[in-house]
Amino acid sequence: MNQLTKGTAVTIGKFDSFHLGHQLLIKDIIRASHESGLTPKILKLSVIKAGIMSRAEEEAFLMESYPDIYVDNIDYIDFTPEFMKLSPEEFVRDILKERFKAEYAAVGTDFQFGYNRSGDVNILKQLGTAYGITVNVIDKLRVNGEIVSSSNIRACLERGDMQHASLLLGRAYKLSGIVEGGKKLGRSLGYPTINLGYDEGKLLPRYGVYASRVIIDDKQYSGITNIGIRPSLDDGDRPTVETFIYDFSGDIYGRKVDVIPLFYVREERHFASLEELTCQITKDIEYARNGSKS
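K.L.:
Before we move on, can you summarise the side chain of Ser176 with the specific residues and values?
P.N.:
Here Ser176 shows up in strand β8 (residues 175-180). Within the local environment of Ser176, its side chain forms a polar contact with the side chain of Asp258, the two groups lying 2.7 Å apart. If we skip the residues at most four places from it in the chain, Ser176 touches Glu57, Leu196, Gly197, Tyr198, Asp199, Lys256, Val257 and Asp258.

K.L.:
Could you give an account of the packing of aromatic side chains, naming the residues involved and the relevant values?
P.N.:
With the rule as written, the count across this model stands at 10 aromatic pairs. Plain terms: the ring middles of Tyr210 and Tyr264 are 5.2 Å apart, the flat faces sit at 75° to each other, and that makes the pair edge-to-face. You can see Tyr210 sitting in strand β10 (residues 208-216) and its partner Tyr264 sitting in strand β13 (residues 256-266), a full 54 residues away along the chain. This pair shows no difference in class: Tyr210 is buried, exactly as Tyr264 is. By way of ring pairs, the aromatic residues Phe79, Phe83, Phe91, Phe111 and Phe113 are connected into one cluster. When the ring centre of Tyr76 is taken as reference, the NZ or CZ atom of Arg55 above it lies at 3.6 Å. Of note, Arg171 hangs over the ring of Phe61, and the distance from its end group to the ring centre comes to 4.1 Å.

K.L.:
I'd like to hear about the sheet that holds β8, residue by residue, with values.
P.N.:
Consider a sheet: its strands pair through backbone hydrogen bonds, and that pairing is either parallel or antiparallel. Read around the barrel, 6 strands follow the order β8-β9-β12-β11-β10-β13 and close on themselves; strand pairing throughout is antiparallel. Within the sheet, the average angular offset between the axes of one strand and its neighbour, ignoring direction, is 45°. Strand direction decides the pairing type here: β10 and strand β11 (residues 219-228), joined by 9 bridges, are antiparallel. Residue Arg213 lies in a different strand from β11, and its bridge partner there is Ser222.

K.L.:
Residues and numbers for unusual backbone geometry, please.
P.N.:
A positive phi angle is found at Lys101, which is not glycine, with a value near 55°. Looking at where Lys101 falls in the secondary structure, it is placed in the loop between α4 (88-99) and β4 (102-108). Lys101 gets classed as partly exposed once you look at its relative accessible area, which sits at 33%. Positioned with a positive phi, Asp217 is a non-glycine residue whose angle comes to about 50°. Mapped onto the elements, Asp217 comes out in the loop between β10 and β11. The exposure class of Asp217 is exposed, given its relative accessible area of 52%.

K.L.:
I'd like to hear about the sheet that holds β4, residue by residue, with values.
P.N.:
Strand order in this open sheet of 5 strands is β3-β2-β1-β4-β5, and the pairing throughout is parallel. Where the open sheet ends on each side, the last strands, each with one partner, are β3 (74-77) and β5 (134-138). Strand-to-strand twist in this sheet, taken as the mean axis angle between neighbours without regard to direction, amounts to 25°. Of the pairings in the sheet, the one linking β4 to β5 comprises 5 bridges and is parallel in character.

Analysis parameters
Residues numbered from 1 in each chain as written. Predicted model: local features only at pLDDT ≥ 70, side-chain atom pairs only at ≥ 80, totals over all residues. Heavy atoms only, no water. Helix = DSSP H or I, 4+ residues; strand = E, 2+ residues; numbered from the N terminus. Polar contact = N/O pair within 3.5 Å; in protein donor to acceptor, adjacent residues only side chain to side chain. Contact = heavy atoms within 4.5 Å. Phe/Tyr/Trp six-rings, centres within 6.5 Å; stacked < 30°, edge-to-face > 60°. Buried < 20%, exposed > 50% of the residue type's maximum accessible area, 1.4 Å probe, protein only. Lys NZ or Arg CZ within 6 Å of the ring centre and 35° of its normal. Pairing = 2+ DSSP bridges. Axes fitted to C-alpha atoms, helices over the stretch in contact; angles between N-to-C directions.

Don't take any of this as a statement about function, it's just geometry.
Spelled out as structure tokens, the structure:
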């Protein structure tokens, strides 16, 4: 973190996915920073569970979508024992005011802070007045009557509902990574695939087969992706993200690729033979091609 030389407009939260609701908070601190000559800053509270976005994906998304937010304007705050013991007033005084020079803060209606989550938005407003921080509380965003939340997006991913997850995110869920070498069994079956080296701290959607979009060097291709442990191949417990790209034959090992699962085709299952697996792959590709056109 760079030494701060002027006041900041901050937003605080876990920001598990930077969904549409989170983006309201980001837009608000950018607005406030422009109006008052402040530096916009995102204070992201670290979470232990797998994230909907990896840190690299978060930073790339913010820099692309909100050029006012630089990497230096994103601060990750760990839940250390010392941090968790802070009282609400200590949090405002020591963290917001002293450490981050906050003069403006935007939070959601359910924001809680301090020891045992004892502080709420009303206490934050009171403490903000005492320490010279203007506090703006922004209502939960709803899409088609449904609250936009990371927990709802996680539920969509757990059941493989990529369309609904994308609606709440405001963009497609994607897996980004470097293409790694694999067993190359797909090549012998007539369906050469790429294996994506994704961030292991990222939440994967429901295991199974998906119609997918693949982005290579800003070019888009259609494909079909298996996410999971590939029980027919005895790949162990580490999930893989393996994609067959239609009408593509280039060598992209070591290259960065984005894989966007579009819709769920079927669950993973064990096949008695490679011939049976090949037959099913052919059916999956036909289904995914037809479904992606509808």
